[in-house]
Each structure stands twice: as structure tokens, then as C-alpha cells.
Amino acid sequence: MLMKNPVPNKKLRNIAIIAHVDHGKTTLVDHMFKQSGAFRENQDVNERVMDSMDLERERGITIAAKNCSVFWKGVKINILDTPGHADFGGEVERALNMVDGAILLVDASEGPLPQTRFVLKKALEAHLKIIVVINKIDRKDARPQEVLNEIYDLFIDLDAGDEQIEFPILYAVGREGIVQNSQEEKGENLHRLFEVILNEIPAPSYDPDEPFQMLVSDLDYSDYMGRLAIGKIANGSAKCNGNLVCLGESGKAEPLRVSKLQVYEGISFKEVKTAEPGDIIILAGIDDVHIGDTICTKEAPKALKRITVDEPTVSMKFSINTSPFSGKEGKYVQSTKLRERLRKETLSNVALQVEDTEDANVFMVKGRGEFQMVILIETLRREGYELSVGRPHVIYKFQDGKLFEPIEHLFVDCDEPFVGIVTEKLSIRKGRMINLVNHGSGRVRMEFSIPSRGLIGYRNEFLTDTKGTGIMNSYLQGYEEHRGDFPYRYTGSIVADRQGAAVPYALFNLEPRGILFIPPGDPVYEGMIIGEHNREKDINVNPCKEKKLSNMRSAGKDDNVLLTPVAPMTLERAIEFIKDDEMVEVTPKSIRLRKTILPANQRKV
């Protein structure tokens, strides 16, 4: 929305930090806190303080966009830490809505990777001012000059304007809290970064003639204050206990009263009586509010442009746990509880959609990718939910009577000897190689155009094929005509035919049939998948079979049974493994694989 008389609020700067996973974004923010005086000298502070969720700390990634602030020379700098994974693109899009500029952080060795491209594309479309920081220049394999050339190529490829491509460049050693103007210079602190932010990032502008307006860009919940609405003040100023209205998607004005007004100070909140235009605030006292709503004055209700996000590309069926072990390990097993929790998730995650199906116990969840789904399922199980989930399916589109499917632009970095096997596997999955670069260092970079469904279930296979040394990243390129079917699994499942506990003797005799997923002593039930069969067909087996005793010898007299160690089943591995007629049973304590139809006599042979 164009302003008639824009006035900058020079006491504020709003910036986002965008980077690929593991390029040092959260570590840099830690040092920005420390050097700006946000923490006391003797204050005990965790590393990666912005990764507040347990899952973020465990996986070393940012999942949810989070806000914080630092002060530098009397200017408040609001910082938004954005996710570096394309599956959490919805978080990125709403976060960029609150800022006027962005710091693009790129690894000095790896260069700009697909997720960097995805987030940068969104930032350039939003016409944000970009500051480029090339991080980890102390790495032995750092190649800052080549990486800078790659960044210029990326900006040109994304149709950046002349002003956007003339970005300031800084070099950093993030873990030591150092930023410098050139590779040769020896920096001591982050002062140069703060100066560039103040000089290059435009201050938020507002129209002094317009009344209060705020676009809700994020939601939170407090047990004490209820629903919290978070967003940037577009115009006017907010006051505590003010009477305002909320304009939803329908345009209907719902009255509300602000019971508490807070702003970000460091990593925590500070209660204030008023807030200036351009600042990012947290409002309490609003029950029925959604991301994209406008909060404004009752006298002059005027809606701002709603946040729009890219459409979901993957769908999965979520249902209640119907196995014989249902209710033994979880707190919430009812479909009403699961529906309520999934609906709640869609309120704060704009990239997720939940739809009811003909079966009241089954829900269709749509999102950006299988990794986003894995994080959602992991969150639910940690909260005490029991559920079953099906195999991820891509969402197709029909245009002019033709079937279209989502296509990914895939980047593969692997050792030279593995190029053949990777290319062969991807071509089977309808992938087409579009580029190959060999720097002569022993590693090769390849680019493929491949259907999204071709990557479902491939990641574990890829790590096995490259002996754990390969790196694979992708972003959604768009939709193309359907490329045809392909087999995604050549093996069948080893399925238990009765309920009981797995016995070492039985498992030892089943080992030649394939790879087992369960150790001795694990409880099993009819229809539960206990391993991967060597052949294409499924096989029903008895894992509870004990060795027959005789009057000549005792059960343990003969051979000492030695079983192959079983790798613990992870959620990612389980979801990638299952076929269309199989499900993953998820509880707070266990991850089991099962057939959708449990009784063997009811299943197709």
C-alpha cells in the first residue's frame, strides 16, 4: 500500500536474518545480543539462545520464526530469526512481512544453497534491502571470492533490481563474533555490522495522517493472557486498554479491548503503555484472531493487504491409533482431541491446512514437505498424542484436462565415485540432470529437475549410496506435466501374524528373510510390520515362535542365538519406508509400522 506522506521512524530498524541450515545464523544472533549489551556480563546464557524449542536444539535447525531486539546507539533493532528450510516457508513469508531489510548469511565454503535461494527470492519480491555477510571465512576450505560471484549470479538469476544488486558485503567469523569489511582486515567485534544496519536498512515508514493499523503476522498463546497477536504497527500508535476492532477475512469488524501491550526487549517481552509506528508489538485481549487479520481503530476501520503464502504440495492422512496397543502409552487418543490440536496448529502455521474426510477419525493434513510433517508429528507425540499417519502424497493439479505435478530443483554434492549410482537412482525416479560441475577436488556438484514424489523415501537411500558423505537439498521449482509412474520400493514387508512378544529364536530364523526392525522382547500384534522382506511380496510370519523342548535337552542347551543389532526406528525412516497400504503408529514412547488392514485374512495377497 503506497503512502501519501511517508515519515520514517529513525529510532527503529526491523531486519530478518536469512540463511541455509547450518550456515551460522543463530550463532551470529547470540553474539549480537552479547555485544549490544542485551545480557549482563555475569548472566548465564545458553548457546543458540534463539533456538528455544527442544526440537530446534536437538536438530540444530530453526523451525519457527522468532523475534527479539537489541539496542545500538539509541536505535532499537528488531531481529527476526527465520527458518532456513524450505518446508517452513510459511514461517518465512509472514516473518518478512514485518521487516524492511534482511541480512543474507552465506557459508564461505558451501556458498548459496537451495533454501538460501528460496528465502532470498521472497525477500527480493518484498523489495527488502539486503546486506550480504559471508560467514565462516576461517574455514580451511573457505572460498569467499568464488562464493561472492555465486551470490551475484543468484541475484541476477532471481531478477534482482539494480538497487538490490548493489548490496553491502561483509565478511564474518560468526562463532567468534567478528565482522569485517574485507577478507584481509582483522575484525574484533560486530560493530561494523551494527553500523551497516543503521546506515543501509531503511527505517520503518508510516503515514502520520492515518489512524492505528497493525497486520497480524504471528500468533502466540499465554496461559495467563490467552491469545496473543504479534505484528508490526503500520500506522499510528498503540495504547494499552484501547478500544480497537479486528478485521477478519470476511471484512466484519469484531470489537476488542487491548488488555496488555508488550514489545520485544532482548529475547523477552517488556510491558509498555504505548508503542510507536514501525515497532513490532504483542497484543493481549483478542480471542478470535487469525494471521492476516488487521487490527485498527473503531472510528476508521481500514484493512491492510492480507498475508498470502504458497500453496501446500504434500498431503498426509492423520488418524487416531487403532492398533491393539492403543491408549497404553499416550495421554490423548480421541479423534476430537486430535482434530482440536491440528486446528490449533493451523492458527499459528499459515502453511498448514487441515481438512475433514468422510471418516470422522481421519484428517487430511496438507503442507510444504515431508520434513514439515515429521516436525508436526514429533511435536504431537511429545505432547502425549497417539496417532497413525499414512504415506505422504504430492498434491496434483489439473489444467486443460492434463495432470500436473510439483517439480523440485535438486542440488546434490557427493564424492566422485558415487556419481553413477546417484544419477542412476534419480533417473529411475524421473529425475533429469541439468548441470554437473567438477572442481577437481574429488567432489562433484550436480543439479536435477525431479518430481517431488521422486524424493519421498529417497533421502535414506541416498545416504547409504554415498556412505553418509553426500549432501542433498532442493526447492520447489513449480508445476509440470506428470512425468509417469515409477517404482519407489522393490521390497515387501515382513508382517507379524499374531500378538505376543518377539522371541530371539524366532527372530534368528527370520533374519535370512530380510532386515528386521524390532529387537527381542518387543511386543507385536497381527498386522504389525517387523521388517523389510528381501523380495517384492509381503510375508506373514510368527515372531513369537519358541524352540520346542524335548526330554533330551533344555531350550538353551544348543546354539547361543546372536542377532544382528537393530537400528532404532526414526520417524523420517518410518514415513519414507511405508507403502500406500501401510501406516506409521506414533505414540510418545514408540514408533511402529503396521498394515492399514490388520487381519491377514482381510488383506490382498
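The structure under discussion appears in the preceding block.
(A) Focus on the overall build of the chain. Tallying secondary structure elements over the chain gives 14 helices and 37 strands in all. Here the chain holds 605 residues, and 53% of them are scored as buried. In the chain, the proportion of contacts linking residues at least 24 apart, taken out of those at least 6 apart, comes to 71%. Per element, the accessible surface of the chain, about 28500 Å² overall, is 49% carbon and sulfur.

(B) Just the side chain of Asn-14, in detail. Tracing the chain through its elements places Asn-14 in strand β2 (residues 12–19). Judged by its relative accessible area of 0%, Asn-14 is buried. Setting aside its immediate chain neighbours within four residues, Asn-14 contacts Asn-78, Met-98, Val-99, Asp-100, Gly-101, Ile-201, Pro-204, Lys-232, Gly-278 and Ile-280.

(C) Geometry of the nonpolar core. Counting residues in each nonpolar core, the largest one holds 38 residues, and the members touching the most others are Leu-104, Leu-120, Ile-130, Ile-151 and Phe-155. With near-sequence residues (within four places) excluded, Leu-104 lies in contact with Ile-18, Thr-116, Leu-120, Ile-130, Ile-131, Val-132, Val-133, Ile-151 and Phe-155. One finds Val-354, Phe-363, Tyr-385 and Ala-574 within the second-largest nonpolar core, a separate group that totals 29 residues.

(D) Up close: helix α9 (residues 370–382). Compared with an ideal rise of 1.5 Å per residue, which puts 13 residues at 18 Å, α9 spans 18 Å between its outermost C-alpha atoms and is within 8% of the ideal. Most of α9 is tucked away: 12 of the 13 residues are buried. Among the residues of α9, those classed as buried are Glu-370, Phe-371, Gln-372, Met-373, Val-374, Ile-375, Leu-376, Ile-377, Glu-378, Thr-379, Leu-380 and Arg-381. A positive backbone phi angle near 100° is found at Gly-384, which sits one or two residues after α9.

(E) How the structure looks around the pairing of strand β34 (residues 528–533). Extensive coverage of β34 is indicated by the burial of five of its six residues. In terms of strand pairing, strand β30 (residues 493–496) meets β34 through three bridges, oriented antiparallel. Looking across to β34, one finds that Ser-493 is bridged to Glu-532. Here strand β32 (residues 514–516) runs beside β34; their pairing, made up of three bridges, is antiparallel.

(F) Representation of the pairing of strand β6 (residues 129–135) within the structure. By the criterion of burial, β6 is predominantly enclosed, with six of the seven residues buried. Pairing of strand β5 (residues 101–107) with β6 involves seven bridges; the strand directions are parallel. Considered in β6, the bridge of Ala-102 is made with Ile-130. Sheet topology places β6 next to strand β7 (residues 169–173); three bridges connect them, and they run parallel. Looking at β7, one finds that Val-133 is bridged to Leu-170.

(G) The pattern of salt bridges, seen in detail. Evaluation of the coordinates by the stated rule reveals 34 salt bridges. One salt bridge connects Glu-378 with Arg-382, and the closest N-O pair in it is separated by 2.9 Å. Pair noted here: Glu-378 and Arg-382 are both in helix α9, with a separation of four residues, about one helical turn. Of the residues examined, Glu-378 reaches a relative accessible area of 9% and is grouped as buried. A salt bridge links Arg-498 to Asp-497; its shortest N-O distance comes to 2.9 Å. For Asp-497, a relative accessible area of 25% corresponds to the partly exposed category. Connected via shared salt-bridge partners are Asp-107, Lys-136, Arg-139 and Asp-141.

(H) A look at unusual backbone geometry. In the Ramachandran plot, Lys-430 falls in the positive-phi region, its phi being about 70° despite a non-glycine side chain. Tracing the backbone shows Lys-430 in the loop between α10 (419–428) and β27 (432–438).

(I) Local environment of the packing of aromatic side chains. Taken as a whole, this structure holds seven aromatic pairs when the rule is applied. When the centroid spacing of 4.5 Å and the interplanar angle of 20° are considered together, the rings of Trp-72 and Phe-194 count as stacked. Of this pair, Trp-72 sits in strand β3 (residues 66–72) while Phe-194 sits in helix α7 (residues 191–200), and the two are 122 residues apart along the sequence. Residue classification places Trp-72 among the buried residues on the basis of a relative accessible area of 11%.

(J) Representation of helix α5 (residues 144–157) within the structure. Counted at 1.5 Å a residue, the expected span for α5 with its 14 residues is 20 Å, and the 20 Å between its end C-alpha atoms agrees. Looking at α5, one finds that the buried residues are Pro-144, Val-147, Leu-148, Ile-151, Leu-154 and Phe-155. Looking straight down α5, one finds that the buried residues subtend no more than 115° of arc, so they occupy a single side.

(K) Examining the state of the cysteines more closely. Taken as a whole, this structure holds zero disulfides when the rule is applied. With no disulfide partner, Cys-296 has as its closest neighbouring cysteine sulfur the one in Cys-246, 8.2 Å distant. With a relative accessible area of 0%, Cys-296 lands in the buried category.

(L) Just the side chain of Ser-388, in detail. Position of Ser-388 relative to the elements: it lies in strand β23 (residues 387–389). Of the residues examined, Ser-388 reaches a relative accessible area of 0% and is grouped as buried.

(M) A look at the environment of Tyr-475. Among the secondary structure elements, Tyr-475 is positioned in strand β29 (residues 471–481). Residues Tyr-475 and Phe-411 lie 64 residues apart in sequence; the distance between their C-alpha atoms is 8.9 Å.

Here is what the cut-offs are and how they apply
- Residues numbered from 1 in each chain as written.
- Predicted model: local features only at pLDDT ≥ 70, side-chain atom pairs only at ≥ 80, totals over all residues.
- Heavy atoms only, no water.
- Helix = DSSP H or I, 4+ residues; strand = E, 2+ residues; numbered from the N terminus.
- Buried < 20%, exposed > 50% of the residue type's maximum accessible area, 1.4 Å probe, protein only.
- Contact = heavy atoms within 4.5 Å.
- Areas by Shrake-Rupley, 256 points an atom, 1.4 Å probe, with all protein chains shown as cover.
- Core = buried A, V, L, I, M, F, W, Y, C linked by side-chain atoms within 4.5 Å.
- Expected span 1.5 Å × (residues − 1).
- Pairing = 2+ DSSP bridges.
- Salt bridge = Lys/Arg side-chain N within 4 Å of Asp/Glu carboxyl O.
- Phe/Tyr/Trp six-rings, centres within 6.5 Å; stacked < 30°, edge-to-face > 60°.
- Arc of directions from axis to C-beta.
- Disulfide = S-S within 2.5 Å.

These figures come from the coordinates and say nothing about function on their own.
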